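Take a look at the letters that make up each chain.
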Amino acid sequence: MSRARCHLRTALFLAAVSPRGATTGVAARRGLSAWPAPQEPGMEYQDAVRTLNTLQTNANYLEQVKRQRGDPQTQLEAMELYLARSGLQVEDLDQLNIIHITGTKGKGSTCAFTERILRNYGLKTGFFSSPHLVQVRERIRINGQPISPELFTKHFWRLYNRLEETKGDSSCVSMPGYFRFLTLMAFHVFLQEKVDLAVMEVGIGGAYDCTNIIRKPVVCGVSSLGIDHTGLLGETMEKIAWQKGGIFKCGVPAFTVLQPDGPLAVLRDRAQQISCPLYLCPPLEALEEGGPPLTLGLEGEHQQSNATLALQLARCWLQRKDHQGIGELKVSRPSLLGQLPLAPVFQPTSHMRHGLRDTEWLGRTQLLRRGPLTWYLDGAHTTGSMQACVRWFRQALHRRERPGSSGSEVRVLLFNSTGDRDSAALLKLLQPCQFDYAVFCPNLTEMSSMDNADQQNFTVTLDQVLLRCLTHQQHWSRLREEQASPDLWSTPTPEPGGPASLLVVPHPPHSTSSLVFSCISHALQWISQGRDPVFQLPSPPRGLLAHPVASSGAIILQEAAAIHVLVTGSLHLVGGVLKLLEPSLSQ
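Residues numbered from 1 in each chain as written. Predicted model: local features only at pLDDT ≥ 70, side-chain atom pairs only at ≥ 80, totals over all residues. Heavy atoms only, no water.

Going by the annotation in an unreviewed UniProt entry, the name recorded for the protein is Folylpolyglutamate synthase, with Camelus bactrianus given as the source organism. According to UniProt, the comment filed for the protein under the heading Sequence similarities (unreviewed entry) is "Belongs to the folylpolyglutamate synthase family." If you open the UniProt record of the protein and go to Function (unreviewed entry), you find "Catalyzes conversion of folates to polyglutamate derivatives allowing concentration of folate compounds in the cell and the intracellular retention of these cofactors, which are important substrates for most of the folate-dependent enzymes that are involved in one-carbon transfer reactions involved in purine, pyrimidine and amino acid synthesis." (UniProt positions renumbered as here; feature names shortened; annotations may be inferred.)

Q: So, the packing of helix α7 (residues 107-119) against helix α15 (residues 350-358): which residues are in play, and what are the values?
A: Running from N to C, α7 and α15 point in directions that differ by 135°, and their axes come no closer than 8 Å. Classed by the angle they form, the pair α7 and α15 counts as oblique. Here the hand of the crossing between α7 and α15 comes out right-handed. Contacts between α7 and α15 involve F113, R116 and I117 from the first element and H351, M352, G355, L356 and D358 from the second. (Axes fitted to C-alpha atoms, helices over the stretch in contact; angles between N-to-C directions. Helix = DSSP H or I, 4+ residues; strand = E, 2+ residues; numbered from the N terminus. Parallel < 35°, antiparallel > 145°, perpendicular 65-115°, else oblique. Left-handed = near helix turned anticlockwise from the far one by under 90°. Contact = heavy atoms within 4.5 Å.)

Q: Could you give an account of the sheet that holds strand β7 (residues 254-256), naming the residues involved and the relevant values?
A: Strand pairing in a sheet takes place through backbone hydrogen bonds and is either antiparallel or parallel in direction. A sheet is described by the order of its strands in space; here eight strands give the open sequence β4-β3-β2-β5-β1-β6-β7-β8, paired in mixed fashion. Edge strands, defined here as strands with exactly one partner in the open sheet, are β4 (145-146) and β8 (278-280). Across three bridges, strand β2 (residues 125-128) lies against strand β3 (residues 140-142) in antiparallel orientation. Its bridge partner lying in β3, G126 is registered against I142. Contacting β6 (219-222), β7 and β8, helix α12 (residues 261-273) crosses the sheet at an angle of about 150° to β8. (Pairing = 2+ DSSP bridges.)

Q: Provide a residue-level description of the UniProt feature "binding site: ATP" (unreviewed entry) in the protein, including the pertinent values.
A: According to UniProt, the positions carrying the feature "binding site: ATP" (unreviewed entry) are R364 and D378. With respect to the helices, strands and loops of the structure, R364 is situated in the loop between α15 and β9 (366-370). Contacts of R364, omitting those with residues within four sequence positions, involve S109, L133, L377, D378 and L571. Looking at where D378 falls in the secondary structure, it is placed in the loop between β10 (373-377) and α16 (383-400). Given a relative accessible area of 7%, D378 falls into the buried group. When sequence neighbours within four positions are dropped, the list of residues in contact with D378 reads G363, R364, T365, C389, W392, V567, T568, G569 and V574. Within polar-contact distance, the side chain of D378 engages the backbone nitrogen of T365 at 2.8 Å. (Buried < 20%, exposed > 50% of the residue type's maximum accessible area, 1.4 Å probe, protein only. Polar contact = N/O pair within 3.5 Å; in protein donor to acceptor, adjacent residues only side chain to side chain.)

Take a look at the structure:
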């Protein structure tokens, strides 16, 4: 057994302790309940979510998609079967007036901007996105608000029971995976609620995504592209662009933002092959000319491209609704890049301006100021989005600097990364932020998730996520070592070991400013030191300060005049932090 794995024993023991008691073996280590999942209507919201979690086969689903990615039609045919079993046909989805949005970076923010603009026109909006931050019902929204626990529970059991009843058919023997199920449920909710339009965020990819069952969207959008999910989408920007362009439909207008030459050419060719009119969005400054500057509700320079894409999508939707076609779409001139026609340069209306200003999208360039603590929350998880996150964080720090201010300031990084993402590359981008402490923890709010079904993840084990955190710490220590000494051949001296505690300590060289905690709650307790007026727990868990770095750092944090905490690397991590810092989100 490796030395790092030995340090997991305490954490694994704690994970096996459940308030309800009856968990054993692998189930205990994953936070799985041994109690049978209820399958009767009228059960509570948490019971519905626990049953939904039994469909968490995302890892197996992705492996299946990889094997079948030469034939996206296979994926769509499977989704059509699930749709039919649920009581709908593909033709029924044509009623939804869908805006379909894909991309690597900023697709969620683009959806949020678009939905808020159109809601300002008095339209009843539906909004489907992923992942959720605190509660799974955030993924399905009506008029910008997550559907109520009661509505979620009602639609969940109705759909779940329909699919269960049809499992006996020899041609339909399975239940859909987690994301597919929620996509189906969103369609049912939007149709029953009779929304005027539905903004649908594509999951992973485009061509193979289950949302691509949509035949006749009103308009499509592609936000900024980057490298992500390479095992599924391909290892180059061009291959990823081909995947994302898979949502284009014949005769349906589509818009994209400025992309590198190669991916832009792929999008152009993909659109031309199926006679999809594709337009390049002008920069936001072009739309501001002749009028007051546009104010965005989301911080960060990178939000400008998301906002200009949202304006074009909203305007196109309004145009097609009023004029029953795309003939009124005016093209200014061919762009120089990729020979794509440029989307119209127009004066945003007051509804559009107010929509951009009033947009809220939690966990993306979000600030929470609490006494001496300022929490900077951004779910960046690709190299491109992390670069944008670093720019935003440093600019926000610069704005808060006060000449002549006294007292020490401490910068803390709280980080995690999941899947096949290159955490070493992401951590390298964070080096210029000059953190005093780097803290790593899994995306587990508490050591036991039994009473928090919304945050359960059955696709990984506790061993796996903690070992990954230790890997993050090793990457961070190596980067600090390279910065401190250009002599790569020098032999570092390992840090002496401390007593076993709630901290997971692998003792890499020069790790004096980094810590690994077993869950988000323990990490926040150490960082905040009881100084956050909202996040207050009765007492820290036993052993929280057993490690020398934790005990000495606690004193520094207790005495600091200001503590700046950047939480990034994973939207799931940000969601867990928000659950603890903003308890109202769980109500």
